[in-house]
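# Structural features, examined
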Amino acid sequence: MNSKERIITAKKSITDYLNEIWDFKELFWILAKRDILVKYKQTVLGIGWSVIRPLITMIVMAFAFGKIGKLDTNTAIPFTLVVAPGVIIWLFFSQSLQALSQSIVLNSNLVSKVYFPRLIIPLSTIFLGLVDVLISIFLFFIICIWYQFLPDWKLFLVPFFILLTFMAAFGIGLISAVLNVKFRDIGQIIPFVIQFGYFISPVGYLTESVKSTDHAWYYKLFVLNPVTGCIDALRWCMLDDFANFNWDSFIPLILFIIFTFFYSIRFFRKHENSFVDHI
Amino acid sequence: MTVLSIENVSKRYQLNQKGNSTDDLRDTVTRWSNSIFKPSKNHNKKEDFWALKDINLEVKQGDRLGLVGANGAGKSTLLKVLSQITEPTNGIVKVKGRMASLLEVGTGFHPELTGRENIFLNGAILGMQKSEIVKHFDAIVDFAGISKFIDTPVKRYSSGMYVRLGFAIAAHLEPEILVVDEVLAVGDADFQKKSIGKMRDVSNSGRTLIFVSHNLTAVQGLCNKGAYLRNGELIKSGKIDEVVNEYVKTVSKFQLKQNWATPDEAPGNDQVRIKTISLTPNQEILTDNFDTRTPLKMVFEYWNMMDNAELNVSIFLYSMTGECIFNIGDDAKFYQQGIVRVECDIPGDFLNDGSYYISAMIVKDRLAPVFFFEDALAFDILDYREGTDWYGKWPGAVRPKMISVNSVQKELL
């Protein structure tokens, strides 16, 4: 019998909170599992969609930017390979952001009926996108074999940059999730942001080509986009010595993560107890 | 041993005085910008609403506490505070041991997942470890009676199966304190019986139960302690019978006596005026509340202003829904000017539990209504039962004991 005394009051310390999250780790796994299981229920292709989406995106990107936009003329390696890290990051980032921002509202039945540390819900969304990332990376290997391209040791840094990508999405996603509880406008804004975010992030083109234009001010803004930092970093580690490490976009990314990550958790903690009153 | 102590707990909600429940982003931005430019004018006055006011309550191990009170009394808010869905504004709650709350059956069921997957999902949501769920898995499936459909998505379940599965999971949770809200409102009689039985098992095994229901019969049958909430305040706590009596006394629209001193102010017309009408228990022991056993006596007096009139009285008893349960009258007789007294005995073990009201009609010459005194009396009859473990609503307008039912063993195999 677990007879430790629990005290329910208006104040709770951060260590209590972290301990509680640890106590509910089982729920964390099961929610993640649920999201993955449910995603492709009653579809014919099932998990096949996780293959088709990145594959088609890569092909279309390579075709649109490479062939039509004529960006592939001065690259040393096949343009599909150049596009792949961009697509991997973009799909993961957008999917995580979308899932995070909707996470509380979609689980309102849980939030209003049972207690658990609410942070578990947004945290568990990481796995949904992660499955797709793994499949996309697998696809990348197939493309590598196809083009007989060999990435170097830096490939082992991929998980680290994927994690950074999630953390970048986590900050704004968490704030959106909180706001979405009260203002469903967020549910309208996020898909819209994702739609045009595509074009202001170097998914189908290189950061280099932005730098080489005459508009230096535009480059300065461009590197502030956290997704730019993630894609640049992933290109650096996945594509052998094709791309240099771009500190211009990496430093803003790290600052962005440090700021939004802690701020968003504070913001979330401040509001999580009133979710049930607004949902 | 005290397992749960609630100390000075209050919960405040803020109501927007403007009453705009659809708080959209634009409104907030407008209000915010207004507050910058016109800081003196307070656009958004908040009104406080205290859903719970200074609640103090102790629950001992093995107690079965029933929370009663009208809608909006704060019962659900208290359960939400106890189950940590919302935090109290003031005060603290101390909980010893694992507490599980069942505010809804099948919380978090995902329609696309199978019964099996949902058992694990729901179990984890309710705070069970995976090993516990595995241990109880067969018992859960058995209790819910869905073994054939365990690998079917729950969206294909009938609502009964869905509820049964939800309750089965919760019932196999082994918390030291179980908080249950209105789960009995769902499911058929058989299932209700099963779930009450399960809740009784919980308390018999030394665990603590906190139960909210509008079904007073179930509360009385299941609980030994009670707490009565009204408008967020704890009015009474203690033994369940006393608490339920207190509650029934304050909520029922009892009108057991009407009396007028002079004919001038009394209801009626030129021919008759009502003097008094009353309903009392027709027994030695006087009680505040009537239950199904209580025999009742109605006394009705009126002033007759007519000479040598042939009069009789017709009494109507209606159920709360307005259905006439019976209409019965006395024999017509000739009366002189003065006061006429009518008595009517309603035997015990005749009416079912529920709310009733009585109207009386004075009839002249055996056919012409002189005056119809409508809704003269109103009263509630509480439930009383023994020799049964079933606590659902007893059906029927009447529950007459004068009709006898007997069984004998006719043959031995």
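Notes on the structure in this doc start here. (Residues numbered from 1 in each chain as written. Chains lettered and ligands numbered in written order. Predicted model: local features only at pLDDT ≥ 70, side-chain atom pairs only at ≥ 80, totals over all residues. Heavy atoms only, no water.)

## Looking at the sheet that holds strand β3 (residues 64-68) of chain B
Residue and element names in this part refer to chain B. Under the convention used in this document: DSSP-based pairing: two strands are paired if at least 2 bridges between them are found. Think of it this way: any DSSP run of H or I at least four residues long counts as a helix, any run of E at least two long counts as a strand, and we number them from the N terminus. The axes used here are C-alpha line fits, helices contributing only the stretch in contact, and every angle between their N-to-C directions lies in the interval 0 to 180 degrees.
The strand order β5-β6-β7-β3-β8-β9 describes an open sheet built from six strands, whose pairing is mixed. With one partner strand each, in any of the chains shown, β5 (99-102) and β9 (233-239) form the two edges of the open sheet. Neighbour-to-neighbour, the strand axes of the sheet open up by a mean angle of 15°, direction not taken into account. Pairing between β3 and strand β8 (residues 225-230): four bridges, direction parallel. Bridging from a neighbouring strand, G66 pairs with G226 of β8.

## A word on the pattern of salt bridges
Residues and elements named next belong to chain B. This is how it is decided: Counted as salt bridges are all cases of a side-chain nitrogen of Lys or Arg within 4 Å of a carboxyl oxygen of Asp or Glu. Partly exposed residues are those whose accessible area sits between 20% and 50% of the maximum for their type, while under 20% is buried and over 50% is exposed, using a 1.4 Å probe and protein chains only.
On inspection of all chains with the given rule, the structure shows 21 salt bridges over all chains. Its salt-bridge partner being D151, residue R116 comes within 3.0 Å of it at the nearest N-O pair. Here the residue R116 occupies a position in helix α3 (residues 115-125), and D151 occupies one in the loop between α4 (130-144) and α5 (159-171), the gap between them amounting to 35 residues. The salt bridge partner of D383 is R385, with a shortest N-O separation of 2.7 Å. Considered together, D383 and R385 belong to a single accessibility category, that of buried residues. Here the salt bridges do not stand alone but share partners, grouping K275, K297, E301, R341, E343 and D345 into one network.

## Some thoughts on the packing of helix α3 (residues 48-68) of chain A against helix α7 (residues 126-147) of chain A
Residues and elements named next belong to chain A. For the record, the criterion: In what follows, roughly perpendicular refers to angles from 65 to 115 degrees, roughly parallel to angles under 35, roughly antiparallel to angles over 145, and oblique to any angle outside these ranges. When the near helix sits turned anticlockwise from the far one by under a right angle, the crossing is termed left-handed; a clockwise turn instead gives a right-handed crossing. Whether two residues touch is decided by their heavy atoms; if any such pair falls within 4.5 Å, the residues are in contact. Here the term charged refers only to Asp, Glu, Lys and Arg, the term nonpolar to Ala, Val, Leu, Ile, Met, Phe, Trp, Tyr, Cys and Pro, and the term polar to all other amino acids, Gly among them.
Interhelical geometry of α3 versus α7 gives an angle of 55° and a closest axis separation of 9 Å. With respect to each other, α3 and α7 are oriented oblique. Taken as a pair, α3 and α7 cross one another with a handedness that is right-handed. Contact with α3, carried on its side by S50, V51, R53, P54, L55 and M58, involves D132, I135, S136, L139 and I143 of α7 and no other residues of that element. Considering only residue class, the contact of α3 with α7 consists of seven nonpolar, two polar and two charged.

## Observations concerning the interface of chain B and chain A
Heads up, the rule is: N or O atoms closer than or at 3.5 Å make up a polar contact, with two conditions inside protein: a donor-capable atom paired with an acceptor-capable one, and, for residues adjacent in sequence, both atoms drawn from side chains.
With 47 residues of chain B at the contact, the number on the chain A side is 35 residues. Counting every contact that joins chain B to chain A gives one residue pair in polar contact (both at pLDDT 80 or more). Elements that contribute at least two residues to the side of chain B that touches chain A include exactly β1 (2-16), α1 (25-37), α2 (75-82), β4 (90-96), β5 and α3 of chain B. Along the lines of polarity and charge, the residues of the side of chain B that touches chain A split into 18 nonpolar, 14 polar and 15 charged.

## Focus: a nonpolar patch on the surface
Residues and elements named next belong to chain A. Rules: Surface patches are drawn from residues lacking salt bridges whose relative accessible area is over 30%; two like charges belong together within 9 Å, two nonpolar side chains (Val, Leu, Ile, Met, Phe, Trp, Tyr) within 5 Å. Only the protein chains shown count as cover for residues, with accessible areas throughout obtained via the Shrake-Rupley method and a probe of 1.4 Å.
Together, I189, F192, V193, F196, F199, I200, W217, Y218, L221 and L224 give the surface a local cluster of nonpolar side chains, amounting to about 1,000 Å² of exposed area. Listing elements by their share of the nonpolar patch, those giving two or more residues are α9 (185-200) and α11 (216-222). Per-element accounting of the nonpolar patch gives the leading share, six residues, to α9. Mapped onto the fold, F199 is located in helix α9.

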